[in-house]
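# Secondary and tertiary structure notes
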Protein chains: 2
Amino acid sequence: MPVLRHIGMLATCRFEGGQSAIHAARNAALAWEEDEILWAGPDTELPAQYQELRQVRDFEGCLVVPGLIDCHTHLAFGGWRADEFEQRLSGRSYQEIAKSGGGILRTITATAETSDIDLIARCRAALAEMAKLGVTTVEAKTGYGLTVEGEIRLLEIYKSLEESQPVAIVPTLLAAHACPPEFERNRIFYIESICRDMIPEAAGRGLASFCDVFLEQGAFIKDEVKLIFEAARWHGLGLKIHADQLSDTGGASLAASFGAASADHLDCISEGGIRALAASGTVAVSLPLASLYLGRTPMPARRLIQAGVPVAVATDFNPGTAPSFHLPLAMLLACTMQRMTPAEVLKGATIYAAKAIGEEDDVGSLEPGKRADFAVIEAPDVSHWLYHFALHRCLATYIGGEKLGA
Amino acid sequence: MPVLRHIGMLATCRFEGGQSAIHAARNAALAWEEDEILWAGPDTELPAQYQELRQVRDFEGCLVVPGLIDCHTHLAFGGWRADEFEQRLSGRSYQEIAKSGGGILRTITATAETSDIDLIARCRAALAEMAKLGVTTVEAKTGYGLTVEGEIRLLEIYKSLEESQPVAIVPTLLAAHACPPEFERNRIFYIESICRDMIPEAAGRGLASFCDVFLEQGAFIKDEVKLIFEAARWHGLGLKIHADQLSDTGGASLAASFGAASADHLDCISEGGIRALAASGTVAVSLPLASLYLGRTPMPARRLIQAGVPVAVATDFNPGTAPSFHLPLAMLLACTMQRMTPAEVLKGATIYAAKAIGEEDDVGSLEPGKRADFAVIEAPDVSHWLYHFALHRCLATYIGGEKLGA
């Protein structure tokens, strides 16, 4: 049973108190047993029975935060699309690039051409780097298969990763990422394949926790999303949606009406959408890296927070529009591009991110009974950590009470 | 005499051919002797006498670029201002913060209260981290002294750093960073102190290569800048200017009329200013981190490039408006926020950055006779490097032919 004492600042990030209440204590202590937190709070109040625990002395004066949660990634994919990045910067539109064989469909081909072993190795490498940044839980979407076999294959890869490396994986079926070209004239057959084949298998075998859809012009329309959501709900999957990213399609309101766990992107969300999310308690997941890479204005996070919507922050890691898994960079962008405060951003990458993936009872804050997932940051406080963007602010990452790399 | 062979991509970044011509070769070789490059080009053309050199085999297939040059930093300062970052995000204006004792003047106090040893240690730590990112030359400004003693002290610290660690330092006197409050009613006395005392001492003792000024409402006006520029030119210092950052003050045109080496920031540059820079050959230094942190629209780099202005990219590292020395992040922002291509950005952080500090004959490109400063990047090409923002893309940094940390 170890204990960290004389922590410079401990940000527990408990749920209550609104987005900016991170419940931080200076000169704090954190005690845990195996994978479970026993006690977190001011060192002066550390109960006597924990004062005799084995003391970890390496991190006195540092900042300790809950393990970061990246609640929106497209983790497993083959290939990259750096050439499209260059082409877009040179003025070529996404539509032109997609028409000439680029975009999501290109990654679907590259993923099919990559072996399971190589895909797993790529994911493991990314997860290991994410963990070095303090990330302890990662939501991971499919969506580069678009066939029953291709989508289930990606879910099985996530299951294999969950069992073979320390970062926790929350798997999401995103079969409705794009409509395969062969179904373009008979879209309902693809929707049916999702609802009758993919969702039942993913849910029945316990391979997915969530079902996600991409509601947007050129992706899926509202009526299609409703069919998929109804099937997913019937089979017990949680709901997520890529919504209102490039245009206001009423996605936020739809998510709210279905009681979705999260609505993600929302760069173009309407006032009505904001009110709907506030009423439903659906988490709004901000993805500022995607806005940056696409050269767009990000989700109006301040307006959502003022309306009482819980706002999470994630990377959207994918090979097209957000080719970075650097969650602390996404957090800096949430501060600078969206004027979220450091406290709001930290809560957005911990407890609100946990809520976005339905894990808020287990992770996302440092409280007795929760999993001992935390990151030790070389900074005096949260503002300093996010403000001074440097190479190595994360000194150690603990998952389930175990120090990584130790 | 070592040689790198079978380099995946070698971007030599020679001057000719415009901003997007990085003169890259695949399967390339680079040979050097002591601190000087002997040969750079396709491996198949490597002359026989270099084929027998001691071969460094660790980096086959990687990207090799000229050592990055950060041509605009405020390297030496005491304290930080993370609390002001938080206050600005919470809606407090820079002016309000400055009035209550924050801003540049707060850093001046903190710098005065920090010992030489501590300032040097802080700078050395930052330089060591910058070098890990591939940076081999850093321009470093004063401007947190604002007295003869305080400004000369910072220049002496830069001289000490130049002699005691490997990253090359190009020192710039920025006494005209802010007018000290005690001179506010007699500004001409401070200008005189700069022109009669600081510039002659800095130039006479060889402590500074450049003189920089901050032309902006609340900083210095055009007539004051002219007096300072004339004195600096008389004493043989190169000229730089912080111009057109928060408003169009005609700074670019003034820089051009004096033949300044660089005009920096330029977020609000006018069309006339762009034409003037194009005619004078003055380098425009883009500082997108400052624009990001301030929540402002950055320099219209595309328009400058189209007009033929050489555009460099730097960090502006300082404790207020750009608290990061992460030049690859600034380069990513130049792509995403300013729609510069990866090639334009790489040239902006190498050969055009070298021109901005008058070092283009010695560094900034990989050509025979130049200093063997280069970075080995784990990426197949330049686009991929900048597109996939990750933790450790720089595998090795060579300065003067020596591998750092070897």
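Residues numbered from 1 in each chain as written. Chains lettered and ligands numbered in written order. Predicted model: local features only at pLDDT ≥ 70, side-chain atom pairs only at ≥ 80, totals over all residues. Heavy atoms only, no water.

### Considerations on the interface of chain A and chain B
Just so we agree on the cut-off: Contacts are assigned to residue pairs that have any heavy atoms within 4.5 Å of one another. Summed over both partners, the accessible area (1.4 Å probe) lost when two parts come together is defined as the buried area. Definition of a polar contact: a pair of N or O atoms within 3.5 Å, with one able to donate and the other able to accept a hydrogen when the atoms are protein atoms, and with sequence-neighbouring residues admitted only if both atoms are side-chain atoms. Helix and strand labels come from DSSP, where a helix needs a run of H or I of at least four residues and a strand needs a run of E of at least two; each type is numbered from the N terminus.
Between chain A and chain B, the residue contacts involve 41 residues of the former and 41 residues of the latter. For the pair chain A and chain B, the summed buried area comes to about 3700 Å², and 68% of that belongs to carbon and sulfur atoms. In terms of surface lost to chain B, no three residues of chain A exceed Leu89(A), Tyr387(A) and Leu391(A), which account for 22% of the buried area on that side. For the pair chain A and chain B, the interface holds 13 residue pairs in polar contact (both at pLDDT 80 or more). Those elements giving two or more residues to the side of chain A that touches chain B turn out to be α2 (82-89), α5 (116-132), α11 (288-294), α13 (327-338) and α16 (382-387) of chain A.

### Quick look at the nonpolar core
Which entries qualify depends on this criterion: By nonpolar core is meant a set of buried Ala, Val, Leu, Ile, Met, Phe, Trp, Tyr and Cys residues that side-chain atoms within 4.5 Å join together. Only protein chains enter the accessibility calculation, which uses a 1.4 Å probe. A residue is then buried if its area is under 20% of the maximum for its type, exposed if over 50%, and partly exposed in between.
Of all hydrophobic cores here, the largest spans 272 residues; its most connected members are Leu75(A), Trp385(A), Leu75(B) and Trp385(B). Ignoring anything within four residues of it in the chain, the contact list for Trp385(A) reads Leu63(A), Val65(A), Leu68(A), Met331(A), Leu346(A), Ile377(A), Ala379(A) and Arg393(A).

### Digging into the domain arrangement of chain A
Residue and element names in this part refer to chain A. As a reminder of what qualifies: Domain delimitation in this document rests on an assignment produced automatically or drawn from a domain database. Side-chain classes are defined by residue name, with Ala, Val, Leu, Ile, Met, Phe, Trp, Tyr, Cys and Pro counting as nonpolar, Asp, Glu, Lys and Arg as charged, and the others, Gly among them, as polar.
Under the domain assignment, chain A is made up of domain 1 (2-67 + 364-403) and domain 2 (68-356). Put simply, the middle of domain 1 and the middle of domain 2, counted by C-alpha atoms, are 29 Å apart. Summed over both sides, the interface of domain 1 with domain 2 buries roughly 2300 Å², with 71% coming from carbon and sulfur. For the side of domain 1 that touches domain 2, the secondary structure elements donating two or more residues are β5 (63-66), α16 and β15 (394-399). Looking at the side of domain 1 that touches domain 2 residue by residue, the class counts come to 15 nonpolar, nine polar and five charged.

### Observations regarding the sheet that holds strand β11 (residues 262-265) of chain B
Residue and element names in this part refer to chain B. The condition is simple: A pair of strands is considered paired only if DSSP assigns at least 2 bridges between the two. Angles shown run from 0 to 180 degrees and are taken between the N-to-C directions of axes, each axis being a line fitted to C-alpha atoms and, for helices, limited to the stretch in contact.
With parallel pairing, eight strands are arranged side by side in an open sheet as β6-β7-β8-β9-β10-β11-β12-β13. The sheet terminates laterally at β6 (68-70) and β13 (311-313), the two strands that pair on one side only. Neighbour-to-neighbour, the strand axes of the sheet open up by a mean angle of 25°, direction not taken into account. Strand direction decides the pairing type here: β6 and strand β7 (residues 135-141), joined by three bridges, are parallel. Each residue of the ladder has a partner; that of Ile-69, found in β7, is Thr-137. Packing of helix α7 (residues 187-204) onto the sheet brings it into contact with β8 (168-176) and β9 (210-214), and relative to β8 it is tilted by some 155°. Relative to β6, helix α13 (residues 327-338) is tilted by about 85°, and along the sheet it contacts β6, β7, β12 (283-286) and β13.

### Details of the relation of the copies chain A and chain B
Stated precisely, the cut-off is as follows: Copy-to-copy alignment: least squares on C-alpha atoms, limited to residues at pLDDT 70 or above in both.
Between chain A and chain B, which share one sequence, the superposing operator has a rotation angle of 180° and an axial displacement of 0.0 Å; the RMSD is 0.0 Å. Here the transformation between the copies is reduced to the relation of a two-fold axis. Rotation axis and chain A: the residue whose C-alpha lies nearest the axis is Leu391(A), separated from it by 3.6 Å. The share of interface residues of chain A whose copies in chain B are also at the interface is 100%, consistent with both copies meeting through the same surface.

### What about the pairing of strand β1 (residues 2-11) of chain A?
Residue and element names in this part refer to chain A. Buried residues dominate β1, accounting for nine of its 10 residues. Bridge count between β1 and strand β4 (residues 54-56): three bridges; the pairing is parallel. Considered in β4, the bridge of Pro-2 is made with Arg-54. As judged from the two bridges shared by β1 and β5, these two strands associate in the parallel manner. Across the sheet, residue Leu-10 finds its bridge partner in β5, namely Val-64.

### Points about the packing of helix α6 (residues 148-164) of chain A against helix α7 (residues 187-204) of chain A
All names here are of chain A. This is how it is decided: Here is the rule for angles: anything less than 35 degrees is roughly parallel, anything more than 145 is roughly antiparallel, 65 through 115 is roughly perpendicular, and the remaining ranges are oblique. Less than a right angle of anticlockwise turn of the near helix away from the far helix marks a crossing as left-handed, whereas a clockwise turn marks it as right-handed.
Close contact between α6 and α7 brings their axes to 10 Å; oriented N to C, the two are set at 25°. Regarding the angle of α6 to α7, the classification is roughly parallel. α6 and α7 meet at a crossing whose hand is right-handed. Residues Val-148, Glu-151, Ile-152 and Leu-155 of α6 form the contact with α7, whose own contacting residues are Ser-193, Asp-197, Met-198, Glu-201 and Ala-202. Among the residues forming the contact of α6 with α7, the class breakdown is five nonpolar, one polar and three charged.

### Describing the packing of helix α5 (residues 116-132) of chain B against helix α6 (residues 148-164) of chain B
All names here are of chain B. Across the interface, α5 lies against α6 with an axial gap of 10 Å and an inter-helix angle of 50°. The angle between α5 and α6 falls in the class oblique. The handedness of the crossing between α5 and α6 comes out as right-handed. In this structure, α5 contributes Asp-116, Leu-119, Ile-120, Cys-123, Arg-124 and Leu-127 to the contact, and α6 contributes Arg-153, Leu-154, Ile-157, Ser-160, Leu-161 and Ser-164. The class makeup of the residues in the contact of α5 with α6 is seven nonpolar, two polar and three charged.

### Here we look at a nonpolar patch on the surface
Stated formally: Surface patches are drawn from residues lacking salt bridges whose relative accessible area is over 30%; two like charges belong together within 9 Å, two nonpolar side chains (Val, Leu, Ile, Met, Phe, Trp, Tyr) within 5 Å. Using a 1.4 Å probe, accessible areas were evaluated by the Shrake-Rupley method; residue-level cover was limited to the displayed protein chains. Salt bridges are defined by distance alone: a side-chain nitrogen of Lys or Arg within 4 Å of a carboxyl oxygen of Asp or Glu.
A cluster of nonpolar side chains, namely Ile188(A), Phe189(A) and Leu227(A), defines an oily patch on the protein surface of about 280 Å² accessible area. With respect to the helices and strands, the residue Ile188(A) is situated in helix α7.

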